[in-house]
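Residue-level structure breakdown
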Amino acid sequence: VKEWESNNKIDAAEAQKKEAFQKEFLGNVAHELKTPITNIQGYVHTLIDGALYDKTVNEKFLLKASKSADRLQYLVEELLTINRFEHGTLKLNKTKFDIKELCEDVVEILEDKGTKHNTNLRFNKKGDKPIFVLADKQLIHQVLTNLIVNGIKYNKPEGFIKVEIKQFDQKVIVSIIDNGLGIGEKDIPRLFERFYRVDQSRARALGGTGLGLAIVKHILNAHEQTISVNSELNAGSTFSFSLETTK
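Now for a description of the structure that goes with this document. These numbers were taken from a predicted model, which means no experiment stands behind them.

As for helix H4 (residues 137-153)
For H4, with 17 residues, the first-to-last C-alpha span of 24 Å sits near the 24 Å given by 1.5 Å per residue. By the criterion of burial, H4 is predominantly enclosed, with 13 of the 17 residues buried. For H4, the side-chain oxygen to backbone nitrogen distance between the N-cap and Gln-138 is 3.2 Å, and the N-cap itself is Asp-136.

Let's talk about the sheet that holds strand S4 (residues 159-167)
If you trace the five strands from one edge of the open sheet to the other, you get S2-S4-S5-S7-S6, paired in mixed fashion. Unpaired on one side and paired on the other, strand S2 (119-124) and strand S6 (227-232) mark the two borders of the sheet. Here the average twist between neighbouring strands, direction ignored, is 15 degrees. Pairing of S2 with S4, which is carried by six bridges, proceeds in the parallel orientation. Looking across to S4, one finds that Leu-121 is bridged to Ile-161. Docked against the sheet, helix H3 (residues 99-116) engages S2, S4, strand S5 (171-178) and strand S7 (236-244), running at close to 170 degrees with respect to S2. Against the sheet, H4 engages S2, S4, S5, S6 and S7, with an angle of about 175 degrees to S7.

Quick look at unusual backbone geometry
Backbone geometry at Asn-118 places phi at a positive 60 degrees, although glycine is not the residue there. For Asn-118, the location among the structural elements is in the loop between H3 and S2. Phi angles above zero are rare outside glycine, and Glu-224 is one such case at about 60 degrees. Position of Glu-224 among the secondary structure elements: in the loop between helix H6 (212-222) and S6. For Glu-224, a relative accessible area of 71% corresponds to the exposed category.

Analysis parameters
Residues numbered from 1 in each chain as written. Predicted model: local features only at pLDDT ≥ 70, side-chain atom pairs only at ≥ 80, totals over all residues. Heavy atoms only, no water. Helix = DSSP H or I, 4+ residues; strand = E, 2+ residues; numbered from the N terminus. Expected span 1.5 Å × (residues − 1). Buried < 20%, exposed > 50% of the residue type's maximum accessible area, 1.4 Å probe, protein only. Polar contact = N/O pair within 3.5 Å; in protein donor to acceptor, adjacent residues only side chain to side chain. Pairing = 2+ DSSP bridges. Axes fitted to C-alpha atoms, helices over the stretch in contact; angles between N-to-C directions. Contact = heavy atoms within 4.5 Å.

Okay, here's the thing in structure tokens:
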């Protein structure tokens, strides 16, 4: 009876944790959806009330409404991506590709974004010899993009982000290193939760949904690979993930 009572308490505690997580998640979804919807409503109603015929503001309001609609679409797409991963309906398209070439491409694509935020992006290539991995190239592209963009958002003025690769027997470790704001020890265990943000106001101001790291974790889990975080407040962060190499 005592064993049953003990197990029952554990089950009840787990159920309460899941319920609390569900409530927090639903609250976060509602909050994230509410902001762009409210913005769109405000702009459209203002236009209907007469601003549509005011050439000084009509185009400006339409552009703002369009931007909010784009954000809404992006948020829904990210939620659907996470849902497909969690229900196992998103299938990997594994191919052989050079991870060094992909890192170089992503850094090049994001250089302008880094420049706008006064952040220097660089890739430590270490020679021209390719390193081939077996993975879903498009999804790993997304992993790199999410991690680098995250580093840009939480960097300091005149900061840097560098991408490094270390090769082992059957694995490669890709690291994204920055000298930004860093992450507190208490925040690290929750980093990959949906909608969790270390600095909520800054992330929202820069257009963050709070889903980027959750998607990264799901993608690497689907590849049966790992990601780790080392960070220190005001000293920067290092996100490192593994991939399977191939010949």
